[in-house]
Amino acid sequence: KTTRKSLAAADPRVAETVADVQAATLEYVRNKVAVSSAPIYSYFAQVADDPSVQIVANAQIAYVKRAMQGTDYEKYPVLSAAAPFKTGGRQGWDYYTDIPAGPLAIKNVADLYVYPNSLKAMLLTGAEVQEWIEMSAGQFNQIDPKGAALQSVLNEGFRSFNFDTLDGVSYEIDVTQPARYDANGKLVSSNSQRVKNLRYQGQPVQPDAKFIVATNNYRAYGGGNFPGLNASKVVLEAPDENRQVVSEYLRLMNTVSANKQVNPSADANWRITPVPGVRLGFLSASGAQRYLANHPGIKLVKDNGDGSALYALLP
């Protein structure tokens, strides 16, 4: 770990044996898929709507809408659940998606979606959609509006791959309320409701409304212990991996867009409700500072000098 050097000499016979396979693999992962008009990064994905998650959500919605054509489920609105995978922390402060504007290759798609999940879709009610988001909102600490001027907003015990954001609806998360569920999916505060103003096309989501929600096999089959999510709700068993879905979506968008480029901008369909007088602090990589101009609501508090920096959402 200290020297980052191999403790054994390379065996030339191994290199010779796998040379053709390695060359073919490198050629494949460097294959151009599309061109992005802006950088794609995940430095702020846990506190604000994010371009790296947005692309995955858009790709899943497009796929499921096509798959539902001509079926009994075609009449229902399609939402998409997606989470940030590369968010530093235990994996180190260089473990973030950071893809510059320009050509996107297969390796970049693998950066956007790191797990070999397959796409699934579920039929859920508006009440179940709300509870899904409530579980995700457990990623945040409870903030005291009368407390310190700077408070830590991220619960470090909550895994970022369980922080699903739901695209296709809009909502706010009130972090002054206690979390309804803990990180293991246990109901811990039955009277709490962090999710506010949940709307579809500008109208409040009714508890008995029905939606198709695109997700992955891990979540659909109970991964993360999200309330109400299980195999009985699955209505689409897609054969494709989520990252293949993303790859094909990028190819399509690159073809049909007027400038032959993909726009990775997030649509800002969700936000943390500001807490007057309190800055909501969180750690991310020092390298995120070069993108602060794109986020006027986020400010640098302190560069820690170890690859991390403290940032804050402004009230």
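See the structure above.
Residues numbered from 1 in each chain as written. Predicted model: local features only at pLDDT ≥ 70, side-chain atom pairs only at ≥ 80, totals over all residues. Heavy atoms only, no water.

Participant: Describe the overall build of the protein, naming the residues involved and giving the relevant values.
Facilitator: Secondary structure summary: the protein contains six helices and 17 strands in total. Taken over C-alpha atoms, the radius of gyration comes to 21 Å for the protein, in line with the 20 Å a tight globule of 315 residues would show. Projected onto its principal axes, the C-alpha coordinates of the protein cover approximately 65 × 55 × 40 Å. Counting across all 315 residues of the protein, residues that qualify as buried make up 47%. Counted over contacts in the protein with a minimum sequence separation of 6, partners at least 24 positions apart contribute 76%. Of the roughly 15600 Å² of accessible surface on the protein, 50% is carried by carbon and sulfur atoms. Put simply, the protein has 31 plus and 29 minus side-chain charges, and the middle of one group is 3 Å from the middle of the other. (Helix = DSSP H or I, 4+ residues; strand = E, 2+ residues; numbered from the N terminus. Rg over C-alpha atoms; globule rule 2.2 N^0.38 Å. Buried < 20%, exposed > 50% of the residue type's maximum accessible area, 1.4 Å probe, protein only. Contact = heavy atoms within 4.5 Å. Areas by Shrake-Rupley, 256 points an atom, 1.4 Å probe, with all protein chains shown as cover. Lys, Arg positive; Asp, Glu negative; His and termini not counted. Charge placed at Lys NZ, Arg CZ, Asp CG, Glu CD.)

Participant: Would you mind going over the sheet that holds strand 13 (residues 234-241) in detail, with residue names and values included?
Facilitator: Spatial ordering of the open sheet is given by 8-3-12-6-13, a layout of five strands whose pairing is mixed. Lying at the two open borders of the sheet, with one neighbouring strand each, are strand 8 (165-167) and strand 13. Within this sheet the neighbouring strands show an average axis-to-axis angle of 25 degrees, counted without direction. Judged from the three bridges that link them, strand 3 (residues 78-82) and strand 12 (residues 210-216) form a sheet pairing that is parallel. Its bridge partner lying in strand 12, Ser80 is registered against Ala214. Contacting strand 3, strand 6 (118-125), strand 8, strand 12 and strand 13, helix 2 (residues 51-68) runs over the sheet at an angle of about 140 degrees to strand 3. Set on the sheet, helix 6 (residues 242-256) makes contact with strand 6, strand 12 and strand 13; between it and strand 13 the angle comes to about 75 degrees. (Pairing = 2+ DSSP bridges. Axes fitted to C-alpha atoms, helices over the stretch in contact; angles between N-to-C directions.)

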